[in-house]
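Analysis of the macromolecular model
As a plain string of letters, each chain reads:
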Amino acid sequence: MTERRTTPADITAAVVASFEGCTDGRVRELMQALVSHLHAFATEVGLSQDEWEAAIRILTTTGHITDDRRQEFILWSDALGMSMLVDALAHALPAGATESTVLGPFYVPGAPIRDYGANIAEEAAGVPAWVHGRVLDIAGAPVVGAELDVWQNGDNRLYAVQDPEAPEDHLRGRFFSRQDGGYAFLAVRPVPYTIPHDGPVGSMLAATGRHPWRPAHIHLIVRASGYKTLTTHIFDEESQFLDSDAVFAVKPSLVRRFLPRSADDPERPDGVSGEWVSVENDIVLVPEIAD
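Below, the structure is looked at part by part. (Residues numbered from 1 in each chain as written. Predicted model: local features only at pLDDT ≥ 70, side-chain atom pairs only at ≥ 80, totals over all residues. Heavy atoms only, no water.)

Digging into the packing of aromatic side chains
For the record, the criterion: Side-chain rings of Phe, Tyr and Trp (the six-membered ring for Trp) are treated as a pair once their centres are within 6.5 Å; stacked means planes under 30 degrees apart, edge-to-face means over 60, and tilted covers the remaining angles. Strands here mean DSSP runs of E at least two residues long; helices mean DSSP runs of H or I at least four residues long; both are numbered from the N terminus. Note on classification: 1.4 Å probe, protein chains only; a residue is buried when its accessible area is under 20% of the maximum for its type, exposed when over 50%, partly exposed between these limits. In our convention, an over-ring charge means Lys NZ or Arg CZ found within 6 Å of a ring centre and within 35 degrees of that ring's normal.
Applying the stated rule across the entire model yields six aromatic pairs. Plain terms: the ring middles of F106 and Y159 are 4.9 Å apart, the flat faces sit at 25° to each other, and that makes the pair stacked. A residue pair is termed long-range when its members are at least 10 positions apart, and F106 in the loop between α5 (82-90) and β1 (128-137) and Y159 in the loop between β2 (147-151) and β3 (172-176) qualify at 53 residues. When the ring of Y183 is compared with that of F185, the centres are 6.3 Å apart and the planes differ by 25°; the resulting orientation is stacked. For the residue pair Y183 and F185, the accessibility class agrees, reading buried in each case. Chaining the aromatic ring pairs together yields one cluster made of F106, Y159 and Y193. R178 extends its terminal NZ or CZ atom over the ring of Y116, reaching a point 3.5 Å from the ring centre.

So, the sheet that holds β2
Note the cut-off: Being paired, for any two strands, means DSSP has found at least two bridges between them.
In spatial order, the strands read β3-β2-β7-β8-β9; together these five strands make up an open sheet with mixed pairing. Two strands in the sheet have a free side with no partner beyond their single neighbour: β3 and β9 (255-256). Here two bridges tie strand β8 (residues 230-236) to β9, and the two strands are oriented parallel to one another. Looking at β9, one finds that D236 is bridged to R256.

Some words on the side chain of T101
Basically, it comes down to this: Here, residues are in contact when the closest pair of their heavy atoms is within 4.5 Å.
Looking at where T101 falls in the secondary structure, it is placed in the loop between α5 and β1. Exposure remark for T101: the relative accessible area of 2% places this residue in the buried category. Setting aside anything within four residues of it in sequence, one finds T101 in contact with M84, D87, T231, T232, H233, A249 and L254.

Some thoughts on the packing of helix α4 (residues 72-79) against helix α6 (residues 200-207)
Heads up, the rule is: Here the axes come from fitting lines to C-alpha atoms, over the contacting stretch only for helices, and the angles between their N-to-C directions go from 0 to 180 degrees. Just so you know how the angles are binned, under 35 degrees is roughly parallel, over 145 roughly antiparallel, 65 to 115 roughly perpendicular, and the rest oblique. Three classes are used, and their members are as follows: Ala, Val, Leu, Ile, Met, Phe, Trp, Tyr, Cys and Pro are nonpolar, Asp, Glu, Lys and Arg are charged, and the others, Gly among them, are polar.
Where α4 meets α6, the axes come as close as 9 Å, and the angle between the chain directions of the two elements is 30°. Considering the angle they form, α4 stands roughly parallel to α6. From α4, E72, L75, W76 and A79 reach across to α6, where they touch P200, V201 and M204. Of the residues in the contact of α4 with α6, the class split is six nonpolar, no polar and one charged.

Some details on the environment of R114
So the rule is basically this: Polar contacts, as used here, are pairs of N or O atoms within 3.5 Å; protein pairs need one atom able to donate a hydrogen and one able to accept it. Residues neighboring in sequence count only if both atoms are side-chain atoms.
Mapped onto the elements, R114 comes out in the loop between α5 and β1. The class for R114 is buried, based on a relative accessible area of 16%. Between the C-alpha atoms of R114 and F175, which are 61 residues apart in sequence, the distance is 5.7 Å. Once you skip the residues sitting within four places of it in the chain, R114 turns out to touch N119, I120, E122, D169, R172, G173, R174 and F175. Side-chain polar atoms of R114 contact the side chain of E122, separated by 3.0 Å. One polar contact links the side chain of R114 to the main-chain carbonyl oxygen of D169, over a distance of 2.9 Å.

So, the side chain of R261
You can see R261 is positioned in strand β10 (residues 259-261). Since its relative accessible area comes to 14%, R261 is described here as buried. Side chain to side chain, R261 and S278 meet in a polar contact 2.7 Å long. When neighbours within four sequence positions are excluded, R261 is seen to be in contact with E267, E275, W276, V277 and S278.

What follows is the structure in structure tokens.
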């Protein structure tokens, strides 16, 4: 009598079946699909024992390098396009609404509340940039009291959370839209920078011939009562890497012109000397009840 051998398909079926007793239907669906696709991947590529052990080491290193100032797991999600994919699945938008993009690994909650037009740079950090616009609904009406949570890098390519020498609240702040929906703040012209590439994600990029660069951008999270929270960017149209962002976050609708302005321009913001730039960026929010 021929003894029946356990096949790879038998193993997959047994693991999938092990979740049948899960009473949470969504958890059951997620775990069964995860196992099915993970096992299918291993089967398709003929994953070797050495390769699987290397993957375990990579995940272990990812955990070790992650702390309150660096999130390597988010970097993996970003660099593999998962952050943008999940965001796209979650944010089907009506025409005219501002598109969302990735949060990124350098967001820190609790930025200081600043006045209209205030400077988020607490020390010299690059060419001053006057950022202004209106927060609107999809019908074009102003959204009053919307909170804009802003953060960016400086001309040293670093965010404050990366720079131990920078003040804690450097290049970040929270602003509120006025009665006409208007907002404004003084930032600096952002510069391209590399995502952290001295860890597991960087090793993957180097091994696959990919670069770690992100194009110049300013981050915003916009929150308003009755509207869906929006996480988005303002990209500089003159930046390098717009067509090869390491985290796939560029959307053409989010690219803006940073207009050069002269030192004697009558609209020069207070506290600015020398040349500066301005960028206009209206933000259109979607009501909570909208599909």
